[in-house]
Amino acid sequence: MSIRYLTGRAAALKPRLYEELRAALNEGGDAPLIVLVPEQYTLESEREIVTALSLEGSFRLQVMSPARLYSRVFTEVGKPVETRIDERGRVMLMHAALKGLTRELNWYRGAQHRAGFAERAAGQIAELKQAGYTPDRLSALSESLPGGPLRAKLGDLARIWTAYEEALRGRYIDGEDELERALSRLDNAPFLRDARIWANGFELVSPTLARTLTALAGRRDTALLLPLEMDEGAGDYDTFEPVRRSFARLCRMMADAGVEQSTVLLEEPPEKQSELTQLRREINCVSPRVWDAPPRCVRLVSRRNPLDEAMLVMATIRSRVMDGKMRWRDAAIACFDLPAYDDALRRAAALYEVPVFLESGRGSDRNALARFVTLHLRIVSSNWQTEDVIALMRTGYTDLTDEEADRLANAAIEQGLRGALWKKPLHRYQDERDAALEPLRLKLAGSVMRFEEEFIEAEDTRAQMTAIWNLLERAGAHDKLRAFEESCAQSGLWEAANENAQVWNRLITTLDQMAALMAGTPLGARDVSEMITQSLAASDIKPLPQSADAVHAQSVEKPCAREMKALIVIGMTDRAATGDEGLLTPAQK
């Protein structure tokens, strides 16, 4: 079969997609028409296509993400026999693999035991897998390099990867292995035999997408719509360099697979000259043309700090809504560093009474219930450090009230309670204060001591997870979580309520995965604490919109596909380009 590359400016791509889909539907027949889109755009893309084609419905037209495509393949031809692990399971296995590499590492020796290293190593190996590398190939590449940091890093990564694969072998597969299984079974999936494929909405051709398209195009008519400027004379030609590199890699893969390729350059449809069209065309140009008329739709504003920016944003949005020019949902905020602006945006939104939805998730490990568990483990492993015990009191899941926790925390600091002193009756005051505080100490320390005893007596990881479960049951953790969730909902704190609704499942499934993955392997309390913390940190709790009519705030790295009347970009300060948190620098990659 063959693949067609439909390239051009973004404005030219959708009309061509709709044109080809309309023609395919009019031809008749039963062949499925599948449009692959990024996962976050599935619903929006389906709505746009149905509206553009004036369809009431169609059994042939299917809009899906690549992940949904793989799921359909497994449904029709069978799933792998191995158990699929998620990001949390991946981090657990990586942590276990790193424990056995004490002396084998060079560059990362010692670093493998630091907090967060297992998560970063798992992410780096996932990238290498997606790029088609193997441990042997990576090791050979390392040996071919002259001495230096990159050679040492790649050698260590090959050793870490080999140990990780040994932990997976025969029992588990991760997302990248699952992709390999799906690609090998594409030709056996009945729904794909006569299907026509279009891929649209992808800004870059990732290694995963490239391999998927190569497998699909081998026996099916496939088209890729890609925003790519091919005219070297264009003022923003260099902006498309990352896209060109990914496109060139795809072309090489198609050529190696013997797939016939053709490229069609799409002309951008004519547009009425306006400030927005001028901005879109010139913003990335080296020498942009000047807009001579007074600006009406575009404003550039400077403020001293994030809070001042947020105040101006909310005041502007509220003014336009109150004037009847738009609804709340017609405005969107794009931020270069959303976590850093989170507090400022929330405070400004509350002051101006603007309903806002901030699409900023956070790791499950930061929730109070998760900290309740990990603090117990830290107390056991670190000999009852004062700061850990006081932090445990503040979680809200002990039997102490807030007032009792404050009193006991103050006494602990005054008396210097540490280590074994927590397990002995209070006597430092030598007056009635000791008698008043002793029941509080017993209430707190008694529960921790019982958990400590059960955990130490546990013979393997499964028994250790049982000890943690017993701790949660004795504390009434689920009931307290539900009560806090209901309290948040009654107070209108919907995001906090939603977080607590999710965290219980995240924690319990993490314990279940650890019991299954580490079965038969007893671990120390410190190791269990680190594995649970890093696994939950890899599992972000995503907020859910609580109203259909609200201002949507998100990172600039995740473009918004919905229509809007006002877009406000904040945090646009000059800054050095930042890379991800992998183990290799962008230059080394």
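For the structure, see preceding data.
Residues numbered from 1 in each chain as written. Predicted model: local features only at pLDDT ≥ 70, side-chain atom pairs only at ≥ 80, totals over all residues. Heavy atoms only, no water.

## Comments concerning the overall build of the protein chain
Put simply, the test is: Secondary structure elements follow DSSP: runs of H or I no shorter than four residues count as helices, runs of E no shorter than two count as strands, and numbering proceeds from the N terminus. Only protein chains enter the area calculation, which uses a 1.4 Å probe; residues under 20% of their type maximum are buried, those over 50% are exposed, and those in between are partly exposed. Here the open area of atoms and residues is found with the Shrake-Rupley method and a 1.4 Å probe, where only the protein chains shown may cover a residue. Charge convention: Lys and Arg are scored as positive, Asp and Glu as negative, and His as well as the terminal groups of each chain are ignored. For charged residues, the charge sits on one atom: NZ in Lys, CZ in Arg, CG in Asp, CD in Glu.
When helices and strands are counted, the protein chain shows 21 helices and 14 strands. Considered along the principal axes of its C-alpha atoms, the protein chain spans approximately 90 × 60 × 50 Å. Per-residue burial for the protein chain yields a buried fraction of 44% across its 589 residues. For the protein chain, the accessible area works out to roughly 30600 Å², and carbon and sulfur atoms hold 51% of it. Charge centroids of the protein chain, computed over 77 positive and 88 negative side chains, lie 1 Å from each other.

## Considering the packing of helix α4 (residues 87-99) against helix α5 (residues 117-130)
Counted only if it meets this: Each axis is a line fitted through C-alpha atoms, taken for helices only over the stretch in contact, and angles between the N-to-C directions span 0 to 180 degrees. Roughly parallel means an angle under 35 degrees; roughly antiparallel, over 145; roughly perpendicular, 65 to 115; everything else is oblique. The criterion used for residue contact is that any of the two residues' heavy atoms lie within 4.5 Å. Charged residues are taken to be Asp, Glu, Lys and Arg, nonpolar residues to be Ala, Val, Leu, Ile, Met, Phe, Trp, Tyr, Cys and Pro, and polar residues to be all remaining types, Gly included.
Two elements in contact, α4 and α5, have axes whose closest approach is 9 Å; the angle formed by their N-to-C orientations is 105°. In terms of orientation, α4 and α5 fall into the roughly perpendicular class. Contacts between α4 and α5 pair Arg90, Val91, Met94, His95 and Leu98 from the former with Phe117, Ala118, Glu119, Ala121, Ala122, Ile125 and Ala126 from the latter. Counted by class, the contact of α4 with α5 contains 9 nonpolar, 1 polar and 2 charged residues.

## Some points on the side chain of Ser142
Within the secondary structure layout, Ser142 lies in helix α6 (residues 135-144). Here Ser142 is in contact with Arg151, Leu154 and Gly155, once residues within four sequence places are set aside.

## With respect to the packing of helix α14 (residues 368-381) against helix α17 (residues 432-457)
Look at α14 against α17: their axes get within 10 Å of each other, and the N-to-C directions meet at 75°. One element, α14, and the other, α17, form an angle in the roughly perpendicular class. Touching His376, Leu377, Ile379 and Val380 of α14 are Ser447, Val448, Phe451, Glu452 and Phe455, all from α17. Among the residues making up the contact of α14 with α17, the classes are represented as 6 nonpolar, 2 polar and 1 charged.

## Some points on the environment of Gln112
Position of Gln112 among the secondary structure elements: in the loop between α4 and α5. Those residues in contact with Gln112 that lie beyond four places of it in its chain are Leu98, Leu101, Thr102, Leu105 and Phe117.

## A look at the pairing of strand β2 (residues 33-36)
What counts here: Pairing between two strands requires that DSSP report at least two bridges joining them. Orienting the strands away from the viewer, one traces the path from the first strand over the helix to the second; a clockwise path indicates a right-handed crossover.
Residues Leu33 and Val35 of β2 are buried on one face, and the alternating residues Ile34 and Leu36, pointing to the opposite face, are buried as well. Bridging between β2 and strand β3 (residues 61-64) involves 4 bridges; their strand directions are parallel. Residue pairing across strands places Ile34 opposite Gln62, the latter belonging to β3. Handedness of the β-α-β unit built from β2, helix α2 (residues 42-52) and β3 comes out right-handed. Sheet topology note: the β2/strand β6 (residues 196-199) ladder contains 4 bridges and is parallel. In the sheet register, Leu33 faces β6, and the bridge partner there is Arg196.

## Comments concerning the sheet that holds strand β8 (residues 260-265)
Taking strand neighbours across the sheet as the criterion, the 6 strands line up as β3-β2-β6-β7-β1-β8 in an open arrangement whose pairing is parallel. Across the chains shown, the open sheet's two edge strands, defined by having one partner strand only, are β3 and β8. Between one strand and the next, the sheet's axes are offset by a mean angle of 20°, whatever the strand orientation. Bridge count between β6 and strand β7 (residues 221-227): 4 bridges; the pairing is parallel. Each residue of the ladder has a partner; that of Trp198, found in β7, is Ala223. Across the sheet, helix α9 (residues 207-217) lies against β1 (2-8), β2, β6 and β7, angled at about 150° from β7, the strand it touches most. Where helix α10 (residues 241-256) meets the sheet, it contacts β1, β7 and β8, and its direction lies at approximately 165° from that of β1.

Keep in mind that these numbers describe shape and distance, not what the molecule does.
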